[in-house]
Amino acid sequence: MQFGIFSVGDVTQDPTTGYTQSEAERIRNIVRIAQRADEVGLDVFAIGEHHNPPFIPSSPTTLLGHIAALTERIILSTSVTLMTTNDPVKVAEDYAMLQHVADGRLDVMLGRGNTVPVYPWFGKDIRQGVALALENYNLLHRLWREDVVDWEGKFRTPLQGFTSTPRPLDDVAPFVWHGSIRTPEIAEQAAYYGNGFFANHILAPNLAFKPLVDLYRKRFEHYGHGTAEQAIVGLGGQAFIARRSQDAVERFRPYFEAFPVFRGARLEDWMTGTPLTVGSPQEVIDKTLTFQEGFGDYQRQLFSVDSMGLPVEVALEQVEILGTVVVPVLRKEMESRRAPGVPEAPTHASLVAAKYGDGEPRQPRPNPNRGDNLSGPSPYQDSDPTVAAQFPAAL
């Protein structure tokens, strides 16, 4: 079972002081939070992708590459990579490069995002959002697994004899999570490929997304990847923790009441009716265990602990308590309740072992170019020489 934190990278005024971090401060502070997560033994740090104020993570690969250099063991991920407005070719190359930089400590969560104007900003039509997400991932999947790709689809120009570089580390693609809270087509695609499915079930009633997770599990089994119980599921959560429950509520209340999403709502109602947990470490533990009871055994739990204008010192305190007090108990409790045969979340090491066993992983070595910066249908010394790529014809 993997535990970690995710950040949406919002820049929000602290309602208790009136202070708003600059973008530069927020970026530096996110790096500090990721470092602390690594230091206290959390498994995953994930950052979202946004292209509009008040959010700052417009380039997750750049930020995660920097964090990779400053951390030792934590898995780095996105809490969303926009599979609708990004070019799948650029996604393939950027994240393969990041996978190398992070020495395999990387996976990717793909999604459509929830900001309507982002589509025209990148020349896309939101009415085609689901179709874009499906087609773009279908191409991405091939780009990470085939040295030479010929491809034609609806939403981008065709590819003829194309090689995405660099190849994934050890010729093993980063593990992919498909994040969705409303789209059965995305759950179906995740199941078809045997990828992970992540339901970020904050901001919704308890177990609201269980039907979507159940659909994914059923279809995962249908496609022959294992039993429904062996499907790879991740869940989101939001927590504010203090040693005493009343202190947590008192400290968190002004941030909750001032945040636009919650304005006019009662904190106690959200604590009862949604996955939001505000309280002592034991209360966070107890609430999180209800996720396992409701959704079944799952592989990854991420918490949001740094949004809504919380000062970085408070966010770092949250990470500390989560990593040193809450998660050790959750690991033990969830493992004791775990059904036999339920797998762990895939990692680069486990995927390499599954592909090669005791053999040496592939290390692609390029052939020289032909004088035109292209290497033809055999870009690597061990590429299949029988591949006949369809290159553009000279007119």
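All of these numbers come straight from a predicted model, not from anything done at the bench.

1. As for the nonpolar core
Argument step 1. Core analysis: the biggest nonpolar cluster contains 87 residues, and I5, L42, F45, W144 and Y216 have the highest contact counts within it.
Argument step 2. Every residue in contact with I5, bar those within four places of it in the chain, is listed here: I33, A37, L42, V44, F45, A46, L302, F303, V305, V319 and L322.
Argument step 3. Core analysis: the next-biggest nonpolar cluster, separate from the first, contains 16 residues, F256, L276, M308 and V314 among them.

2. Thoughts on the pattern of salt bridges
Argument step 1. In total, this model carries 26 salt bridges according to the counting rule given.
Argument step 2. A salt bridge links K90 to D94; the nearest nitrogen and oxygen atoms lie 2.7 Å apart. Placement of both K90 and D94 in helix α3 (residues 88–101) is noted, with a separation of four residues, approximately one turn of the helix.
Argument step 3. According to the relative accessible area criterion, D94 is partly exposed, its value standing at 26%.
Argument step 4. Three or more residues joined by partner-sharing salt bridges are found here, namely D147, R167, D171, K355, R362 and D382.

3. Things to note about the packing of α3 against helix α5 (residues 129–143)
Argument step 1. For the pair α3 and α5, the least separation of the axes is 9 Å and the interaxial angle reads 40°. With respect to each other, α3 and α5 are oriented oblique. Handedness of the crossing formed by α3 with α5: right-handed. Every residue of α5 that contacts α3 at P88, V89, V91 and A92 is listed here: N136, L139, L140 and L143.

4. What to know about empty space enclosed by the protein
Argument step 1. Per the stated rule, a full pass over the model turns up five cavities of 30 Å³ or more.
Argument step 2. In this structure, the largest cavity spans a volume of roughly 60 Å³.
Argument step 3. Together, I75, Q99, G104, L106, D107, A173, P174, F175, P346, T347, H348 and L351 line the largest cavity.
Argument step 4. One number sums up the size of the second largest cavity: a volume of about 50 Å³.
Argument step 5. Lining the second largest cavity, in full, are M83, L110, G111, R112, A133, Y137, H178, G179, I186 and Q189.
Argument step 6. Those elements giving two or more residues to the lining of the second largest cavity turn out to be β5 (107–111), α5, β8 (175–179) and α6 (184–193).
Argument step 7. Of the residues that constitute the lining of the second largest cavity, the class distribution is five nonpolar, four polar and one charged.

5. Observations concerning unusual backbone geometry
Argument step 1. In this structure, P54 follows P53 across a cis peptide bond, with omega equal to 5°.
Argument step 2. Relative to the assigned elements, P54 resides in the loop between β2 (44–47) and α2 (60–70).
Argument step 3. Omega for the peptide link from T165 to P166 comes to -10°, which places this bond in the cis form.
Argument step 4. With respect to the element layout, P166 can be found in the loop between β7 (159–162) and β8.

6. Things to note about the packing of aromatic side chains
Argument step 1. Tallied over the full model, the rule gives 13 aromatic pairs.
Argument step 2. Judged by centre distance (5.5 Å) and plane angle (90°), the rings of F175 and W177 are edge-to-face. Accessibility classification places F175 together with W177 in one group, the buried group.
Argument step 3. Taking the centre distance of 5.0 Å and the plane angle of 85° together, the rings of Y192 and Y193 count as edge-to-face.

7. Section: the pairing of strand β3 (residues 75–78)
Argument step 1. Residue alternation in β3 divides its side chains into two sets, I75 and S77 and L76 and T78, and both sets are buried.
Argument step 2. Pairing of β2 with β3 involves four bridges; the strand directions are parallel. The residue bridging F45 from the neighbouring strand is L76, located in β3.
Argument step 3. For the crossover from β2 across α2 to β3, the handedness is right-handed.

8. Describing the packing of helix α10 (residues 281–295) against helix α11 (residues 312–337)
Argument step 1. Across the interface, α10 lies against α11 with an axial gap of 10 Å and an inter-helix angle of 35°. In the packing of α10 onto α11, the handedness of the crossing is right-handed. Contact residues: P281, V284, I285, T288, L289, Q292 and E293 in α10; I321, V325, V326, V329, L330, E333, M334 and R337 in α11.
Argument step 2. Among the residues forming the contact of α10 with α11, the class breakdown is ten nonpolar, two polar and three charged.

9. So, the pairing of strand β12 (residues 300–304)
Argument step 1. Burial analysis of β12 places five of its five residues in the buried class, the great majority of the element.
Argument step 2. Inspection of the sheet shows strand β1 (residues 2–7) paired to β12 by four bridges, in the parallel sense. Its bridge partner being in β12, F3 is matched across the sheet by Q301.
Argument step 3. Taken together, the five bridges between strand β10 (residues 233–241) and β12 define a ladder with parallel strand orientation. Its bridge partner being in β12, L235 is matched across the sheet by Q301.

Reading guide: rules and limits
- Residues numbered from 1 in each chain as written.
- Predicted model: local features only at pLDDT ≥ 70, side-chain atom pairs only at ≥ 80, totals over all residues.
- Heavy atoms only, no water.
- Core = buried A, V, L, I, M, F, W, Y, C linked by side-chain atoms within 4.5 Å.
- Buried < 20%, exposed > 50% of the residue type's maximum accessible area, 1.4 Å probe, protein only.
- Contact = heavy atoms within 4.5 Å.
- Salt bridge = Lys/Arg side-chain N within 4 Å of Asp/Glu carboxyl O.
- Helix = DSSP H or I, 4+ residues; strand = E, 2+ residues; numbered from the N terminus.
- Axes fitted to C-alpha atoms, helices over the stretch in contact; angles between N-to-C directions.
- Parallel < 35°, antiparallel > 145°, perpendicular 65-115°, else oblique.
- Left-handed = near helix turned anticlockwise from the far one by under 90°.
- 1 Å grid on protein atoms, 1.4 Å probe; cavity = no way out; pocket = protein on both sides within 12 Å on 5 of 7 lines; lining within 4 Å.
- Points joined across faces, edges and corners; volume = space filled by probe spheres on them.
- Nonpolar A, V, L, I, M, F, W, Y, C, P; charged D, E, K, R; others polar.
- Phe/Tyr/Trp six-rings, centres within 6.5 Å; stacked < 30°, edge-to-face > 60°.
- Pairing = 2+ DSSP bridges.
- Right-handed = clockwise from strand over helix to strand, strands pointing away.

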